[in-house]
Amino acid sequence: MLLYELKKVLGKTVNKVALLLLLAALVIVSTLAIGGVSYTEPDGSSISGMAAARQLEKVKKQWEGYITEDVLRAVIEANDAVNQSPEYQSDDVTENNMAYSRKQGFSDIREMLNQAFSDFQTYDYFRADSLSPEDAGAFYGKRAASLREWLDSEEMKDQFTENEKQYLIRHYEEMETPVYYTYADGWETLLTYTDTMIMLIVLITGFLVSGIFPGEFSLKADSVYFSSRFGRNRGVRAKIGAGILLISVIYWGTMLLYTGIMLFALGVGGGSCVIQTGLGGWKSFYNITFFQKYLLSVMGGYVGSLFILSLAMLISAKTRSAVLAVTVPFIVLFIPSFLSGVNPLTKVLGLLPDQLLQISSVINQFSLYELGGKVISSVPILLVLYSCLCVIIIPWTYQICHRIQDR
Amino acid sequence: MELRLNNLTKQFGDFTAVDHVSLTMSSGVYGLLGVNGAGKTTLMRMICTLLRPTGGQILCGGRDIFKLDGDYRKILGYLPQDFGFYPEFTVKDYLLYVSALKGLRPAVAKRRVRELAEGVGLSKHLNKKMKKLSGGMKRRAGIAQAMLNDPKILVLDEPTAGLDPNERIRFRNLISELSEDRLVLLSTHIVSDVEYIANEILLMGEGKILHQGTADELIDSMPERVWKCRAEKSEVPALMKKYRVSNIRSEAHGAELRIISGEKPSTDAVPEEAALEDVFLYYFGEKGVDDSALI
Ligand SMILES: Nc1ncnc2c1ncn2[C@@H]1O[C@H](COP(=O)(O)OP(=O)(O)OP(=O)(O)O)[C@@H](O)[C@H]1O
Ligand SMILES: [Mg+2]
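Residues numbered from 1 in each chain as written. Chains lettered and ligands numbered in written order. Predicted model: local features only at pLDDT ≥ 70, side-chain atom pairs only at ≥ 80, totals over all residues. Heavy atoms only, no water.

### Considering the site of ligand 1
Residue and element names in this part refer to chain B. Rule in force here: Throughout this document, a residue counts as near a molecule or strand when at least one of its heavy atoms sits within 4 Å of that molecule or strand. Any N or O atom pair separated by 3.5 Å or less is treated as a polar contact, with the protein-specific requirement of one donor-capable and one acceptor-capable atom, and with residues adjacent in sequence counted only for side-chain atom pairs. Each accessible area value is a Shrake-Rupley result obtained with a 1.4 Å probe; residue values ignore everything except the protein chains displayed when judging cover. Segments assigned H or I by DSSP are reported as helices when at least four residues long, segments assigned E as strands when at least two residues long, and all are numbered from the N terminus.
Around ligand 1 there are 13 residues in total, and Gly37, Lys40, Thr41, Thr42 and Gln81 lie nearest to it. The contact in question runs from an oxygen atom of ligand 1 to an N or O atom on the backbone of Gly37, over 2.8 Å. Contact with the protein chains hides 61% of the accessible area of ligand 1, taken as 630 Å² for the molecule alone. Where the shell around ligand 1 is concerned, the elements lending two or more residues are strand 2 (15-25) and helix 1 (40-47).

Put into structure tokens, the structure is as follows:
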């Protein structure tokens, strides 16, 4: 029966088109992501894509290792040396590029300096340029100190409870120092576009699963279906099974392909570096590696897709309308972004299912909840909450179809 | 197999579509005859457990069919009035799929599909997509799916609708063949569909079973007579207004009319033998005359 359900879904032209669209989306996103990696040659010219990644890997690997005070001192000195060079100070763009070429190897560490020494809420690209080698010793201490200062500031007074503040500071202090650094552009770029990819998967899979329950009604095949011996139980289970199977196979298939393409093109190294070494990750209170962040993102994405698409199926079963069901993922994904400006809603918005599809950005935010005196970060709450909701929604859908005579 | 309806009622809001119907059926062909909107489909959908009655019960072998649930549907076959299917499936896939829904084991299903395709004359079309079938062939596929589980109770809602006269006769014969040893409930608003094959005819109007019996019993139950008379063309409208006219045949100088009336409609009128069609007209008034019924 499951096979026939799949056959019904995959036999429809719309659905074939949807799958092709997903494939096209995968190609486009990967191409954009890989094409966005660029490397500046010593002569000032630049290349992009896979070749650029190989060159970057080569120069960044020279700075591989624990980022100790000595390393930071060396980076500040090297950065300063480039800044003093005639190419850097020239008005000619090519010469500037030649200067930049020499900064690429330590650009990630320079970036960490920018983030560590800028004010907590601001970012200054040139902050590293005004550092002197003596500042290197303050590097790690700066992180928690800036956080404390920010939390104590007037504007932050009521944003967090005392427990939450303690929680953040504790997690900051728990980061093991010095951090280990190596080339991790493969993982970083992969994670930059993970959210986009997951969102596209959910929207497109929405088209495939929305028709599963209304199908019989729109074809007027419902009377035969539900007056048969097993239509209301095994048949409905086969429908639910087909839905979950489609959601899972499409999700994991696409994500694995995407991951494979990105890591193949940009390199698999660096997965075990902590996320604080990456662009924008310095302030995250999650003490995890790039690989762990990736796992959380794809797991979150899966739970999120399962929830959103099960909800779409529930609504399609209830209303018998595929069109209404297709809009569910769009509503769930786009309404919260319209509301994000409304301050009192922040806490609620942080727990909406769209957050699960963008865990890699949620991890960089201070999204915390206090329940009965215990502080929990939003990612585990989201994972548990929506797994539980799936466990409720799926049997509910079954009940709706099972008791067809009472509609 | 006995199917008993007890005061069966279905209301849609304030509207009563099926009104306290009580009926007992065992094996044989039951012809449910009624005009559009009489409540035939509603009645049948309740018998197929697709609609829950507002009042009353349906008992199969003495037990409520909604309680019997799957055990009841196991012995049920249903061809709905607006019979839909999966356009991309081949006839064979479709029938195998319905077999799976009906719980037939794959080996049995394959055999049944072959036998039934033979029986309804679809053998040559088994590998055709459903959307490519003609209306008549679709109906055959519809009958075949209803018969897959060799049902003890076979419900056919207007199985002949949209078929040409030849096809309709063939269909009638097919149903007749299938009716052995089972209960067949067949609805139609076309008298000739049930006149010969039904053992019992149920006249349904406004949600009620008005009369039931064999064709002869129903004819005998009609208190008025059937007359044949001639009239000038100009007199026809007046006659039609005054009497129930079951047929008009134009002739060179006037028209020959078939009139149902308690009294003699004109001096030259001669009494005629009543037919089931006249009974239908008698109970359902002018509404009963459907052009397509006059074949
Ligand atoms: N779901 C519904 N909601 C409201 N009214 C309904 C519903 N289904 C049927 N009806 C009404 O109930 C009455 C009987 O409908 P039903 O379809 O049972 O008639 P029928 O005898 O099968 O007619 P036909 O010969 O046209 O098929 C009609 O007046 C119809 O409008
Ligand atoms: Mg009907």
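### Regarding the domain arrangement of chain A
All names here are of chain A. Cut-off, in case you're wondering: Start and end points for every domain follow an automatic or database-based domain assignment. Note on contacts: a residue pair qualifies if any of its non-hydrogen atoms lie within 4.5 Å across the two residues. Buried area is understood as the total, over both parts, of accessible area removed when two parts are fitted together, assessed with a 1.4 Å probe. For this document, the term salt bridge refers to a Lys or Arg side-chain nitrogen within 4 Å of an Asp or Glu carboxyl oxygen. Each residue gets one of three labels, nonpolar for Ala, Val, Leu, Ile, Met, Phe, Trp, Tyr, Cys and Pro, charged for Asp, Glu, Lys and Arg, and polar for the others, Gly among them.
Domain boundaries in chain A define domain 1 (2-35 + 184-406) and domain 2 (65-181). Counting residues at the interface gives 22 residues for domain 1, matched by 25 residues for domain 2. Carbon and sulfur atoms supply 62% of the area that domain 1 and domain 2 bury against each other, a total of about 2,100 Å² over both sides. The largest share of the area that domain 1 buries against domain 2 comes from Trp282, Lys283 and Phe366, three residues that together contribute 36% of it. One can count one salt bridge joining domain 1 with domain 2. At the surface where domain 1 touches domain 2, the tally comes to nine residue pairs in polar contact (both at pLDDT 80 or more). Contributions of two or more residues to the side of domain 1 that touches domain 2 are made by strand 5 (368-371) and strand 6 (374-377). Top element by residues in the side of domain 1 that touches domain 2 is strand 5. It accounts for three residues. Here the residues of the side of domain 1 that touches domain 2 sort into nine nonpolar, nine polar and four charged.

### So, helix 18 (residues 378-402) of chain A
Residues and elements named next belong to chain A. Applicable threshold: Expected span, for any helix, means 1.5 Å times one less than how many residues it has. Relative accessibility thresholds used throughout: buried, under 20% of the residue-type maximum; exposed, over 50%; partly exposed, between the two (1.4 Å probe, protein chains only).
Between its terminal C-alpha atoms helix 18 stretches 36 Å, which fits the 36 Å expected from 25 residues at 1.5 Å a residue. Within the span of helix 18, buried status applies to Ser378, Val379, Ile381, Leu382, Leu383, Tyr386, Cys390, Ile393, Thr397, Tyr398, Ile400 and Cys401. Contact partners of the buried residues in helix 18: helix 12 (222-226), helix 13 (231-266), helix 14 (290-319), helix 17 (359-362), strand 5 and strand 6.

### So, the coordination of the magnesium ion (ligand 2)
All names here are of chain B. Put simply, the test is: Coordination shells were defined by N, O and S atoms within 2.8 Å of each metal, extended to 3.2 Å for Na, K and Ca; water is absent from the atom set, which can make sites look incomplete.
Looking at the magnesium ion (ligand 2), one finds its protein donor set to be Thr41 (OG1) and Gln81 (OE1), positioned 1.8 to 2.1 Å from the metal centre. In this pair, Thr41 sits in helix 1 while Gln81 sits in the loop between strand 6 (76-79) and helix 4 (91-101), placing the two residues 40 residues apart along the sequence. On the basis of relative accessible area, Thr41 is assigned to the partly exposed category, the value being 25%. A residue is classified by how much of its surface remains accessible, and Gln81, at 30% relative accessible area, is partly exposed.

### Focus: the interface of chain B and chain A
Every contact between the two is made by 31 residues of chain B and, on the other side, 25 residues of chain A. Here chain B and chain A share an interface that buries about 2,600 Å² over both sides, 58% of which is from carbon and sulfur atoms. Three residues stand out in chain B for area buried against chain A, namely Arg73, Tyr86 and Leu101 of chain B, and they jointly supply 24% of the buried area on that side. Across the salt bridge formed by Arg52 of chain B and Asp406 of chain A, the nearest N and O atoms sit 2.3 Å from each other. Taken together, chain B and chain A are joined by eleven residue pairs in polar contact (both at pLDDT 80 or more). In terms of residue count, the dominant contributor to the side of chain B that touches chain A is helix 4 of chain B (seven residues). The residue makeup of the side of chain B that touches chain A, split by class, is 18 nonpolar, five polar and eight charged.

### Quick word on the nonpolar core
Test applied: In this text, buried Ala, Val, Leu, Ile, Met, Phe, Trp, Tyr and Cys residues form a nonpolar core when linked through side-chain atoms within 4.5 Å.
Ranked by size, the top nonpolar core spans 190 residues in total, and within it Leu3, Ile47, Tyr94 and Ile143 of chain B carry the most contacts. Aside from chain neighbours lying at most four places away, what touches Leu3 of chain B is Leu23, Thr24, Met25, Ile47, Ile58, Leu59, Cys60, Ile65, Tyr72, Ile153 and Leu183 of chain B. Met112, Phe117, Ala136 and Tyr140 of chain A belong to the second-largest nonpolar core, a separate cluster that totals 20 residues.

### Here's the deal with the packing of helix 14 of chain A against helix 15 (residues 322-339) of chain A
A pair of packed helices can be characterised by two numbers: the angle between their axes and the separation between those axes. Residues and elements named next belong to chain A. Note the following rule: Here an angle of 0 to 180 degrees is reported between the N-to-C directions of two axes, which are lines fitted to C-alpha atoms, with helices fitted over the stretch in contact. A clockwise turn of the near helix away from the far one marks a right-handed crossing, whereas an anticlockwise turn of less than a right angle marks a left-handed crossing.
Contact geometry for helix 14 and helix 15: axes closest at 8 Å, N-to-C directions at 145°. Considering only the axes of helix 14 and helix 15, their crossing is right-handed. Within the contact between the two elements, helix 14 uses Ile308, Leu309, Leu311, Ala312, Ile315, Ser316 and Thr319 and helix 15 uses Leu324, Ala325, Val328, Pro329, Val332 and Leu333. Classifying every residue of the contact of helix 14 with helix 15 gives eleven nonpolar, two polar and no charged.

### Let's talk about the packing of aromatic side chains
Using the following cut-off: We call Phe, Tyr and Trp rings a pair once their centres come within 6.5 Å, taking the six-membered ring for Trp, and we label the pair stacked below 30 degrees between planes, edge-to-face above 60, and tilted otherwise. Geometrically, a charge over a ring is one whose NZ (Lys) or CZ (Arg) sits within 6 Å of the ring centre while staying within 35 degrees of the ring normal.
Taken as a whole and judged by the stated rule, the model has 32 aromatic pairs over all chains. Both rings, one in Tyr225 of chain A and one in Phe226 of chain A, keep their centres 5.0 Å apart while their planes meet at 70°; by these two values the pair is edge-to-face. Relative accessible area serves as the criterion here: at 1%, Tyr225 of chain A is assigned to the buried category. Look at Phe226 of chain A and you get buried, because its relative accessible area is 4%. An aromatic cluster of three or more residues is present, and its members are Tyr4 of chain A together with Phe83, Phe85, Tyr86, Phe89, Tyr94 and Tyr97 of chain B. In this structure, Lys347 of chain A packs its charged tip against the face of Tyr369 of chain A, placed 5.0 Å from the ring centre. Geometry around Trp227 of chain B places Arg225 of chain B over its ring, the cationic atom sitting 5.7 Å from the centre.

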